[in-house]
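Chains, contacts and geometry: an overview
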Amino acid sequence: MYGESIKDYFIKYNFIFALIIILIMLVFGFINLSEAVKNELGKRALSSAQLVAEHPVVIEGLKKSEPTPELQQFTTDIKEQIGAEYVVLGDENGIRYTHPDVNKIGKKMVGNDNYRALVKGESYVSIAEGSLGKALRGKAPVKDENGDIIGVVSVGFLYDQIYEMNLNYFKYLAIGLILIFFVVILVSTFLATGIKKELLDYEPSEISLLLKEKNAILESIHEGIIILDSNKCITYVNKRALEILNLDSTIVNKNIMEVFEDRNIDHMISSGKPELNRSIRYKEEKIIFNSVPYRNNEELEGAIISFKLFDDVDLIARELSQVKTYIESLRAQTHEFNNFLYTLSGLIELEEYEEVQRLINKERIGNNTLLAFITKHIKDSFLIGLIIGFYNRAKELKVNLILDEDSYCGKLTTISDKHIIISILGNLVINAFEAVEHLDVENRVVRIYIRELKNELIFEVEDSGDGIDYSMLNTYTQKRISTKNPENRGYGLSIVLESIEKLNGNITLEKGDLGGALFYICIPKGV
């Protein structure tokens, strides 16, 4: 397990997020609740003051010159009914006729907020510092039958009282929000468990690491990789694919058919089946194309496309052909040397020392003669090594291999693709060996002619086999078309023809003097 688990991660950050939201809601809730309570109490105080101002008991009581116990009892009852802190009556001069503290009756009302009621005759809500403290007060004028102002009613709710009411209401809000908070945590835990199951129990750090590894792997592959969704739109493309297609990353989110015009691709992807090693055309390039679908619960979700240039595959085939040639040459040489050692061992056992010495001298002279003959006519080390290998292979196959005495080739310093030339010559000679292997030993002949001219290099490979239909050169040189067993042969002439075309050379097929096929190859120098 790497780092924090997705469950802990999800719960922790949901806990923090929910806590922040709850705190914000509590702050704004308290502010809004306070305003709502204040507005509501203001409306209650105002409506109560207006009702009291219109009551006959109040009007008659304020007409008298002195406060009466009946008026005091009336305001006390009203105060208790509406839950106010006080209901105070004053005459037209603001002298109290009632007050919760009887000692303050007969004294002037304080707060300086009676002007609008006593002078203008308005009803309103005010906030003022009274004798009992700061309060929210509803003010209303008291008028007699003639409409004259004879006093004022003040219904007040102290701010301490409002604060207690806010706390009481806020308590229920806080309880509700705390319950919501715990519900959020429970839901987060449930969701985290479900998400982790969907992610196959991978943790975030593991998912991040897998994504980085996936991208690194896809970018390191020498093949072009394109990933498609279920709508055949490109969701990922690696750098090698962009290089092969000569495009940029703007192809992401485009439909695959906007990139490839070959309609066979649409069919291959839509089939929902793997399509491997299919040959398609992209502009002027030949591409080896693979498409593998991927599914989720048997539902097709897209495809992974991989492709590479045919030239890359062709180069590998040529290199493998050369390696095969070298291996066969080494094997033949090893086989012949082992036979030579077995012969020496047998002669030593028979104590035929003079015969041993004669055989060694003969082998040494023969090898020296062959090497001297080859190096006299061929100066390029690559070709020398290849021809020596062919001689060893021919010796093993009991084929008479002839290097034409008119052959001559210097060092191929002006030819950069020597491996292609060696591939051409190697494939033709191997085919020639196979063409004569069914003949009697004395009739197995293969001739090689190499000539370097001023501007071109000429090869001739001739065999004593049965020959082929010389008008069918192009047919025989198509891939997998062969005069031999098609199960495991047929690539040689195809590789030869494509290699010659790449070097801007040409090939001619004729009937040779040995009775079999004669391949004549001309390659311009400087390629």
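Here, every reference points to the structure presented above.
Positions within a chain are numbered from 1, following the residues in the order the chain's sequence is written. Only residues with pLDDT of at least 70 are given local features in this predicted model, and only at 80 or more are side-chain atom pairs given and counted; all residues enter the totals for whole chains, interfaces and linings. Note that the side-chain values use all heavy atoms of the structure and ignore hydrogens as well as water.

Here's the deal with unusual backbone geometry
A positive phi is found at Asn246, a non-glycine position, where the angle reads about 55 degrees. Secondary structure elements follow DSSP: runs of H or I no shorter than four residues count as helices, runs of E no shorter than two count as strands, and numbering proceeds from the N terminus. Among the structural elements, Asn246 can be located in the loop between α7 (239-245) and α8 (263-270). Relative accessibility decides the category of a residue: with a 1.4 Å probe and only protein chains considered, values under 20% of the type maximum give buried, values over 50% give exposed, and everything between is partly exposed. On the basis of relative accessible area, Asn246 is assigned to the exposed category, the value being 65%. At Asn253, a residue that is not glycine, the phi angle is positive and equals roughly 80 degrees. Mapped onto the secondary structure, Asn253 falls in the loop between α7 and α8.

Concerning the sheet that holds strand β1 (residues 86-91)
A strand pair is defined by DSSP finding two or more bridges across the two strands. Spatially, the four strands line up as an open sheet ordered β1-β4-β3-β2, and their pairing is antiparallel. In this open sheet, the two strands that pair with only one neighbour each are β1 and β2 (124-130). This sheet shows a mean twist of 30 degrees between the axes of neighbouring strands, independent of strand direction. By the bridge criterion, six bridges tie β1 to strand β4 (residues 149-158) in an arrangement that is antiparallel. Bridge pairing in β4 places Gly90 opposite Val152. Contact between two residues is taken to exist if any of their heavy atoms lie within 4.5 Å; hydrogens are not considered. The axes are straight lines fitted to the C-alpha atoms, using for helices just the contacting stretch, and the angles between their N-to-C directions are given from 0 to 180°. Each of β1 and β4 is contacted by helix α3 (residues 69-82), which is oriented at about 145 degrees to β1, the strand it contacts most.

Focus: the nonpolar core
Definition used in this section: a nonpolar core is a set of buried Ala, Val, Leu, Ile, Met, Phe, Trp, Tyr and Cys residues joined via side-chain atoms within 4.5 Å. Ile378 and Leu425 are the most contacted members of the largest nonpolar core, which totals 42 residues. Looking at this core, the elements that each hand over two or more residues are α11 (381-397), β10 (400-403), α12 (418-436), β11 (445-452), β12 (456-463), α14 (492-502), β13 (506-511) and β14 (517-524). A per-element tally of this core places α12 first, with ten residues.

Section: the environment of Asp144
Within the fold, Asp144 resides in the loop between β3 (133-143) and β4. On the basis of relative accessibility, which here comes to 17%, the residue Asp144 falls in the buried class. Each C-alpha atom, one on Asp144 and one on Lys63, is 8.3 Å from the other, the two residues being 81 residues apart in sequence. Residues contacting Asp144, with those up to four places away along its chain left out, are Ile59, Lys63 and Ile150.

Thoughts on the sheet that holds β11
Spatially, the five strands line up as an open sheet ordered β10-β11-β12-β14-β13, and their pairing is mixed. Of all strands in the sheet, those bounded by a partner on one side alone are β10 and β13. On average, each strand axis in the sheet is tilted by 15 degrees relative to the strand beside it, whichever way the strands run. As defined by bridge partners, β10 adjoins β11 across four bridges and the pair is classed as parallel. What sits directly across from Ile402, in β11, is Arg447. The strands touched by α11 are β10 and β11; relative to β10, the strand with the most contacts, the crossing angle is about 155 degrees.

Structural notes on the packing of aromatic side chains
When two rings of Phe, Tyr or Trp (its six-membered ring) have centres within 6.5 Å they constitute a pair, described as stacked for plane angles under 30 degrees, edge-to-face for angles over 60, and tilted for the intermediate range. Inspection of the entire model under this criterion finds four aromatic pairs. For the ring pair Phe260 and Phe289, a centre distance of 6.1 Å and an interplane angle of 80 degrees mean the geometry is edge-to-face. Here Phe260 is found in the loop between α7 and α8, whereas its partner Phe289 is found in strand β8 (residues 285-296), with 29 residues between them in sequence. Given the relative accessible area of 1%, Phe260 is considered buried. Judged by relative accessible area, which is 0%, Phe289 ranks as buried. Taken together, a centroid distance of 6.3 Å and an interplanar angle of 85 degrees make the contact between Phe390 and Phe433 edge-to-face. In this pair, Phe390 sits in helix α11 while Phe433 sits in helix α12, placing the two residues 43 residues apart along the sequence.

Considering the pattern of salt bridges
One speaks of a salt bridge when a side-chain nitrogen belonging to Lys or Arg is within 4 Å of a carboxyl oxygen belonging to Asp or Glu. Counted according to the given criterion, the structure contains eleven salt bridges. In this structure, Glu122 engages Arg116 in a salt bridge whose closest nitrogen and oxygen atoms are separated by 2.8 Å. A relative accessible area of 30% means that Glu122 is categorised as partly exposed. Residue class for Arg116 comes out partly exposed when judged on its relative accessible area of 36%. Linked through salt bridges whose partners overlap, the residues forming this network are Asp404, Arg447, Glu460 and Glu462.

What is shown is where atoms sit, not what they do.
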